[in-house]
Amino acid sequence: MAIWVVAEQQDGEIKKVSLEILSKGQELAEELGVELEAVLLGEGVADLADTLAAYGASKVYLADDEQLADYSTEAYSQVIAELIEDKEPDAVFFGHTAFGKDLAPRVAQKVETGMLSDITAVEVDGDELIFTRPIYAGKAFTKSKVLSSPVMATFRPNVQELAEPQEASASVEEVDVDIDEVRAKVTDVRKQSGGRVLLTEADIIVSGGRGMKGPENYKILEELADVLGAAVGASRAAVDAGWRPHSDQVGQTGKTVSPNLYIACGISGAIQHLAGMSSSKYIVAINKDEEANIFNVADYGIVNDLFKVVPVMTEEFKKVLDK
Ligand SMILES: Cc1cc2nc3c(=O)[nH]c(=O)nc-3n(C[C@H](O)[C@H](O)[C@H](O)COP(=O)(O)OP(=O)(O)OC[C@H]3O[C@@H](n4cnc5c(N)ncnc54)[C@H](O)[C@@H]3O)c2cc1C
């Protein structure tokens with residue numbers, strides 16, 4: 001009996017979302033009296049098993065092979081599906097990231113089980129797992145369970161609390177990698193330029209909308225973001241205007257983010273924008289229209305001109321954070 005977390009790794013590091021799911025998995029495994037185990041795929045990634053152990057994995061299934069050096073839906077889903085059929089875990093969890101959103105449904109289809117996506121909470125009821133997920137662009141939440149086995153789910157990043165890492169080790173079982181022909185493979189990986197933290201992994205996001213008036217004005221958001229170690233996001237209006245790249249867009253047709261702090265500047269708070277950020281822990285809105293919908297979800301609201309407020313915030317944070 002086991003809960004599995006399929007770990008996501010990049011550039012020699014396990015992604016935070018995988019550690020968050022392991023942290024939650026520890027609680028669930030304890031309550032259900034089952035093992036918590038991890039699955040790790042890649043090339044030259046064996047050392048990362050220790051990190052997975054530190055966050056509660058008692059065992060790591062390691063598929064370390066040159067054919068897995070770059071992510072490929074076909075290769076990764078084949079390896080994981082075969083492993084599931086062999087070991088029969090009770091539940092298999094992924095991050096709700098580009099990787100997990102692509103991989104989990106393919107694996108679920110291969111092992112013919114049900115899957116729930118974008119989970120924000122999970123609880124144990126008897127020996128079952130009950131998952132909470134947003135619907136109708138975040139306007140409502142449903143509680144659902146998967147009736148087939150294994151139970152599969154993808155978890156929204158930055159929602160589950162990260163446990164303190166422990167001194168621990170896991171047994172490592174090497175997985176034989178026997179991959180059929182892979183029809184699509186990665187030929188080039190283009191990294192986004194700039195050293196700023198990724199939007200979906202950021203603890204703090206400073207986001208700008210149509211109220212920014214033009215691309216040149218994002219400089220003031222970037223200055224604030226630099227002081228806070230934050231990522232910069234945008235509304236669709238700003239992206240459609242060509243002020244920011246689509247990769248910065250937050251919302252229903254952009255990224256779903258759950259940072260600790262989301263600072264919305266000149267964003268009205270349309271339902272499609274809220275769908276991507278309303279699960280942020282604290283929302284600060286700066287808008288000169290006191291009737292703007294964003295204030296309905298904001299924990300702190302500043303009714304004023306953002307061009308006056310943002311530079312003052314930057315200066316004050318510099319003082320407080322000693323930068
Ligand atoms: C199918 C569909 C999918 C969509 N997906 C998304 C999505 O993923 N993400 C998304 O964001 N939108 C999405 N939209 C668009 C969405 O409906 C809104 O049009 C969009 O979010 C509006 O962006 P905005 O808030 O920046 O602009 P606006 O609604 O124009 O708001 C600008 C705000 O800036 C304020 N403002 C102006 N000047 C200042 C100033 N100097 N200081 C302070 N405040 C100021 C104004 O008061 C106003 O509230 C989608 C729409 C559809 C139909």
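Just so we're clear, the structure is a prediction, and the values are computed from it rather than from any experiment.

### Focus on the domain arrangement of the protein
Here is step 1: The assigned domain composition of the protein is domain 1 (2–174) and domain 2 (199–320).
Here is step 2: Relative to domain 2, the C-alpha centre of domain 1 lies at a distance of 31 Å.
Here is step 3: Listed by partner, the interface residues are 10 residues for domain 1 and 12 residues for domain 2.
Here is step 4: Among the residues forming the side of domain 1 that touches domain 2, the class breakdown is 3 nonpolar, 4 polar and 3 charged.

### Some words on the nonpolar core
Here is step 1: Counting residues in each nonpolar core, the largest one holds 56 residues, and the members touching the most others are Ala 38, Val 39, Leu 40, Leu 52 and Phe 93.
Here is step 2: Not counting residues up to four positions away in its chain, the partners in contact with Ala 38 are Trp 4, Val 5, Ala 7, Leu 22, Leu 52, Ala 57 and Val 60.
Here is step 3: Counting residues in each nonpolar core, the second largest holds 37 residues, with Ala 225, Ala 230, Ile 263 and Ile 294 among its members.

### Focus on the sheet that holds strand 10 (residues 140–144)
Here is step 1: If you trace the 3 strands from one edge of the open sheet to the other, you get 8-9-10, paired in antiparallel fashion. Two strands lie at the open edges of the sheet, namely strand 8 (121–125) and strand 10, each paired on one side alone. If you compare each strand with its neighbour and ignore which way they point, the axes differ by 25 degrees on average.
Here is step 2: With 5 bridges connecting them, strand 8 and strand 9 (residues 128–135) associate as antiparallel partners. Across the sheet, residue Val 124 finds its bridge partner in strand 9, namely Leu 129.

### What about the site of the ligand?
Here is step 1: Near the ligand lie 28 residues; those nearest to it are Gly 209, Gly 211, Ser 235, Arg 236 and Gly 251.
Here is step 2: Only helix 6 (236–240), helix 7 (271–277), strand 16 (282–287) and helix 8 (306–320) provide two or more residues apiece to the shell around the ligand.
Here is step 3: A class-by-class count of the residues in the shell around the ligand yields 9 nonpolar, 14 polar and 5 charged.

### What to know about helix 5 (residues 218–228)
Here is step 1: What helix 5 keeps buried is the set Tyr 218, Ile 220, Leu 221, Leu 224, Ala 225 and Leu 228. Relative to the axis of helix 5, the buried residues are bounded by an arc of 155 degrees and lie together on one face.
Here is step 2: Contacts from the buried residues of helix 5 go to strand 13 (204–208), strand 14 (231–234), strand 15 (261–265) and helix 8.
Here is step 3: Taken from the residues just after helix 5, Gly 229 is the one with a positive phi, measuring 65 degrees.

### Here's the deal with the sheet that holds strand 13
Here is step 1: Taking strand neighbours across the sheet as the criterion, the 5 strands line up as 14-13-15-16-17 in an open arrangement whose pairing is parallel. Edge positions in the sheet fall to strand 14 and strand 17 (300–303), since each of these pairs with one other strand and no more. Put simply, the sheet's adjacent strands are angled 15 degrees from each other on average, direction ignored.
Here is step 2: Taken together, the 5 bridges between strand 15 and strand 16 define a ladder with parallel strand orientation. Directly across from Cys 265, in strand 16, lies its bridge partner Ile 286.
Here is step 3: Along the sheet, helix 5 contacts strand 13, strand 14 and strand 15; its crossing angle with strand 13, the most-contacted strand, is approximately 175 degrees.
Here is step 4: Relative to the sheet, helix 8 contacts strand 15, strand 16 and strand 17, its axis offset from that of strand 16 by approximately 135 degrees.

### A few points about the environment of Gly 266
Here is step 1: On the secondary structure map, Gly 266 appears in the loop between strand 15 and helix 7.
Here is step 2: Taking C-alpha positions, Gly 266 is 12 Å from Asn 217, a pair spaced 49 residues apart along the chain.
Here is step 3: Those residues within four positions of Gly 266 in sequence are excluded, and the remaining contacts are Gly 208, Gly 209, Arg 210, Gly 211, Met 212, Asn 287 and Leu 306.

### Some thoughts on unusual backbone geometry
Here is step 1: That bond from Ser 149 to Pro 150 is cis: its omega, 0 degrees, falls within 30 degrees of zero.
Here is step 2: Mapped onto the elements, Pro 150 comes out in the loop between strand 10 and strand 11 (151–155).
Here is step 3: You will see that Asp 118, though not glycine, has its phi angle at about 60 degrees, which is positive.
Here is step 4: Position of Asp 118 relative to the elements: it lies in strand 7 (residues 115–119).
Here is step 5: With 20 C-beta atoms packed within 10 Å, Asp 118 lands in the buried category.
Here is step 6: Within the chain, Lys 213 stands out as a residue other than glycine whose phi angle is a positive 75 degrees.
Here is step 7: Tracing the backbone shows Lys 213 in the loop between strand 13 and helix 5.

Conventions used here
Residues numbered from 1 in each chain as written. Predicted model: local features only at pLDDT ≥ 70, side-chain atom pairs only at ≥ 80, totals over all residues. Domains from an automatic or database assignment. Contact = placed C-beta atoms within 7 Å. Nonpolar A, V, L, I, M, F, W, Y, C, P; charged D, E, K, R; others polar. Core = buried A, V, L, I, M, F, W, Y, C linked by C-beta atoms within 7 Å. Buried ≥ 20, exposed ≤ 12 C-beta atoms within 10 Å, placed from the backbone. Pairing = 2+ DSSP bridges. Helix = DSSP H or I, 4+ residues; strand = E, 2+ residues; numbered from the N terminus. Axes fitted to C-alpha atoms, helices over the stretch in contact; angles between N-to-C directions. Near = placed C-beta within 6 Å. Arc of directions from axis to C-beta.

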